[in-house]
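So you can see what is in the structure, the chains are spelled out below.
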Amino acid sequence: MMSSLFTFILVLQALVAAVMIGVILMQKSEGGGLGVGGSPAGLLSARGAADFMTRATTVLATAFVALSILLAAMASVGRSGSTIDTSLSKSAQTSGAAPSSSLTGPAQQAPANAAPAPASDDPLAAAAAAAASQEAAPAPAQAPPAKK
């Protein structure tokens, strides 16, 4: 029941949005829409207050905001029993590779006969180990700039 009501209100909001877009696009583009700009009296003038397009835009915008709030409230009630998946919360340091920072000094050479990282259920452990071994590889020597 709740799902069909939610779907009905969602379709109604989509229709309101489409009609509101049409009404806004049909208005004159002289800068006087909704009383902004134009004459100094703006919405207080007889012509501005009675303009059908202005009133239709106001009603449709109010309906759109009200439907948005209603849909948000209905969605939050339906999600009250959800849990957070914490299966990927393990850190990359549990894979056996210690990260080295290039700011603290030169990278240390990893021993050639180092044992592979222990197998774990962390899906990113292999990528972290590969990145650590690439980082430990010696960088090509760069010549200092020539002084004149």
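Located above this text is the structure these notes cover.
Residues numbered from 1 in each chain as written. Predicted model: local features only at pLDDT ≥ 70, side-chain atom pairs only at ≥ 80, totals over all residues. Heavy atoms only, no water.

A word on the overall build of the chain
A tally of regular secondary structure across the chain gives 4 helices and 0 strands. The N-to-C order of helical and strand elements in the chain reads α-α-α-α. Relative to its full complement of 148 residues, the chain shows a buried share of 13%. The contacts of the chain with a sequence gap of at least 6 include a subset with a gap of at least 24, amounting to 74%. Just so you have it, the chain exposes about 11,900 Å², and 67% of that area is on carbon and sulfur atoms. (Helix = DSSP H or I, 4+ residues; strand = E, 2+ residues; numbered from the N terminus. Buried < 20%, exposed > 50% of the residue type's maximum accessible area, 1.4 Å probe, protein only. Contact = heavy atoms within 4.5 Å. Areas by Shrake-Rupley, 256 points an atom, 1.4 Å probe, with all protein chains shown as cover.)

Things to note about a nonpolar patch on the surface
The grouping of L5, F8 and L12 at the surface amounts to a nonpolar patch, some 270 Å² of accessible area in total. Along the chain, the position of L5 falls in helix α1 (residues 2-26). (Patch = residues over 30% accessible without salt bridge, like charges linked within 9 Å, V, L, I, M, F, W, Y side chains within 5 Å. Salt bridge = Lys/Arg side-chain N within 4 Å of Asp/Glu carboxyl O.)

A look at the nonpolar core
Membership of the largest hydrophobic core is limited to 9 residues, which are I9, V16, M20, V23, A56, L60, L67, L71 and M74. The set of elements that each furnish at least two residues to this core consists of α1 and α3 (52-78). Sort the elements by how many residues they give to this core and α3 lands first, with 5 residues. The contacts of I9, once residues within four sequence positions are left out, are L67, L70, L71 and M74. (Core = buried A, V, L, I, M, F, W, Y, C linked by side-chain atoms within 4.5 Å.)

What about the side chain of Q13?
Following the sequence through the fold, Q13 ends up in helix α1. A residue is classified by how much of its surface remains accessible, and Q13, at 11% relative accessible area, is buried. Other than its neighbours up to four places away in sequence, Q13 contacts F64, L67, S68 and L71.

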